[in-house]
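# Examination of the molecular architecture
For reference, the chains in residue letters:
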Amino acid sequence: MGTLSLLAVLVLTLTLAGLSAPQAAHGQPNFIVILADDVGWGDLGANWAETKETPHLDELAAEGMRLVDFHSAASTCSPSRASLLTGRLGARNGVTHNFAITSVGGLPLNETTLAEVLREAGYSTGAIGKWHLGHHGHHHPSFRGFDYYFGIPYSNDMGCTDTPGYNLPPCPSCPRHGAADRVTRKDCYTEVALPLFENVTIVQQPVNLSSLAARYAEEASRFIQRASDSGRPFFLYLALAHMHVPLEVPLPHASGRGIYGASLSEMDMLVGQIKQVADRHGKGNTLLWFAGDNGPWAQKCELAGRVGPFVGAWQRQRGGSSAKQTTWEGGHRVPALAYWPGRIPAKQTSHALLSTLDIFPTLVALAGATLPPNRRFDGLDVSPVLFGWSDVGHKVLLHPNSGAAGKDGRIETLRLAQYKAFYTTGGAKACDGSIGPAEHHQPPLIFNLDRDIQEQEPLDMASREYQAVLPAISRAYAQALEDIATDNVSIADYSKDPAVIPCCNAQHVACRCQAPGTH
């Protein structure tokens, strides 16, 4: 009888070990993180019925899990990406606003990236697409844990091209013959062409935006193939140019949403291609996580995406946009899907409060690796949510100022369960040119998102509901600020020097390569 009891205990122990450590039973899984740029929550048909251009993403949702209360860690490019790759808010990792083409610094070198942790754990690591975390010296992705890099060092509008695509206002092509044909345009980069890197080498300047999506798909497929052939697990970080302006559209574009819809359809096809390649080389052992870096850039009018129901009505009534750069839901609630056949249940929708901050600790845990020491993390290991064991995410989620109002990176908005509190509000530049003025709120505006997803009417400060929830919000806010203040906090170098602008050939107009497309 004692032997049988011992056997039962052993079986139970092994069973529980298998549940708590999924990487042990399956070996180290592969990871593909696809980050779309300026995409709206309503740009997925699976989220918003009016959207018809995303059949591949909708298929991904049907075969995996839709994360409908998922948020970017900031509402603008560089801080959002820094948080994804460190699991830490900009208030901790130092990246509080965007880097420029003249930026000397980038993501502080004492911050450990997800790629560095996974490479140490035996992974082959690749970054394809937009970086925007520093391109000078050791801030370049080739020195931040990635074995392979192919992409542009910052946003696709931060340099002129010969394929300028669609933008508002429209930007001219790169000059070809010198000052005589140079056109200066406000909000356009006309002096230096947008470069394309392979590892540390500029292989094309200006990059051909018309073929960039195809090249990303091709390089991603090659990376997955090489990693599979090597027998090592891989981590691919694919940061798309879509849906950031300028939009490149394969003609003729037949979408009912015109240029934006055609570009959205191209992005959807690209994601479909990556899913096909992943299934071919590692189905059942590859987690594919799709998300957006922030909400739509509303000032681009018809070239901006859909926020779905997250319209930020309170702000819109006062002027300005409530999307990208703001802490309204349209600025940071982004589409997110997780796909892992056999591990993540199909046709599931999670309402857990999640963030791009969670990608770092979740992938580290699934890889059987350990988090870097001597720092605190804002993300959670949310694998129990992905595997359908739980629907509990963050109790508190912080939303940093991202350009519309308040000091960049400062935490003045937070979420507690269904309640969202604003200590500062403001609107980014809208399509009509209006900007919502910054307003400070003490005590805070509080919205109940369960009843008011449009953020239209804050709770009456005299109401029982407001009085009941305010103490919990105040405590959570004070604790969060104290936690950051006592952490190992980094400071990014935002100094600028024109000498660090990536330039293939300084002797040529706009830094043109003599033989574009070659090393």
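All of these numbers come straight from a predicted model, not from anything done at the bench. (Residues numbered from 1 in each chain as written. Predicted model: local features only at pLDDT ≥ 70, side-chain atom pairs only at ≥ 80, totals over all residues. Heavy atoms only, no water.)

## So, the state of the cysteines
Inspection of the entire model under this criterion finds five disulfides. In this model, Cys171 is linked to Cys188 through a disulfide, with the two sulfur atoms separated by 2.0 Å. Disulfide Cys171 to Cys188: torsion about the S-S bond roughly -85°, handedness left-handed. Taken as a pair, Cys171 in the loop between strand 5 (148-151) and strand 6 (196-198) and Cys188 in the loop between strand 5 and strand 6 lie far apart in primary sequence, 17 residues in all. (Disulfide = S-S within 2.5 Å. Helix = DSSP H or I, 4+ residues; strand = E, 2+ residues; numbered from the N terminus.)

## Quick look at the sheet that holds strand 5
Ordered in space as 7-6-5-4-8-1-9-10-2-11, the 10 strands form an open sheet in which the pairing is mixed. One side of each edge strand has no neighbouring strand; the edge strands of this open sheet are strand 7 (201-204) and strand 11 (348-350). Each strand axis lies, on average, 20° off the axis of its neighbour in the sheet, ignoring direction. The sheet contact formed by strand 6 and strand 7 spans three bridges and is antiparallel. Paired with Leu196 across the two strands is Gln204, which belongs to strand 7. (Pairing = 2+ DSSP bridges. Axes fitted to C-alpha atoms, helices over the stretch in contact; angles between N-to-C directions.)

## Focus on the pattern of salt bridges
Inspection of every chain in the model, using the stated rule, returns 25 salt bridges. Glu63 is the partner of Lys275 in a salt bridge, and the nearest nitrogen-oxygen pair spans 3.1 Å. Highlighted residues: Lys275 in helix 8 (residues 258-282) and Glu63 in helix 3 (residues 55-63), separated in sequence by 212 residues. Residue Lys275 is classed as buried on the basis of its relative accessible area of 8%. What emerges from the salt-bridge pattern is a single network uniting Arg88, Arg92, Glu111, Arg376, Asp378, Asp483 and Asp487. (Salt bridge = Lys/Arg side-chain N within 4 Å of Asp/Glu carboxyl O. Buried < 20%, exposed > 50% of the residue type's maximum accessible area, 1.4 Å probe, protein only.)

## Describing the layout of surface pockets
Roughly 740 Å³ of volume is contained in the largest pocket. Lining of the largest pocket is provided by 36 residues; of these, Asp157, Asp187, Trp297, Gln299 and Gln325 occupy positions nearest its centre. Residue composition of the lining of the largest pocket, grouped by class: 17 nonpolar, 13 polar and six charged. (1 Å grid on protein atoms, 1.4 Å probe; cavity = no way out; pocket = protein on both sides within 12 Å on 5 of 7 lines; lining within 4 Å. Points joined across faces, edges and corners; volume = space filled by probe spheres on them. Nonpolar A, V, L, I, M, F, W, Y, C, P; charged D, E, K, R; others polar.)

## Structural notes on empty space enclosed by the protein
Using the criterion set out here, one finds five cavities of 30 Å³ or more in the structure. Lining the largest cavity are 15 residues, and of these Leu209, Ala241, His242, Glu248 and Glu266 sit closest to its centre. Only helix 7 (212-230) and helix 8 provide two or more residues apiece to the lining of the largest cavity. Looking at the lining of the largest cavity residue by residue, the class counts come to nine nonpolar, four polar and two charged. Around the second largest cavity, the lining is made up of 13 residues, and of these Asp157, Gly159, Cys160, Cys171 and Pro246 lie nearest the centre. Residues that form the lining of the second largest cavity fall into these classes: seven nonpolar, four polar and two charged.

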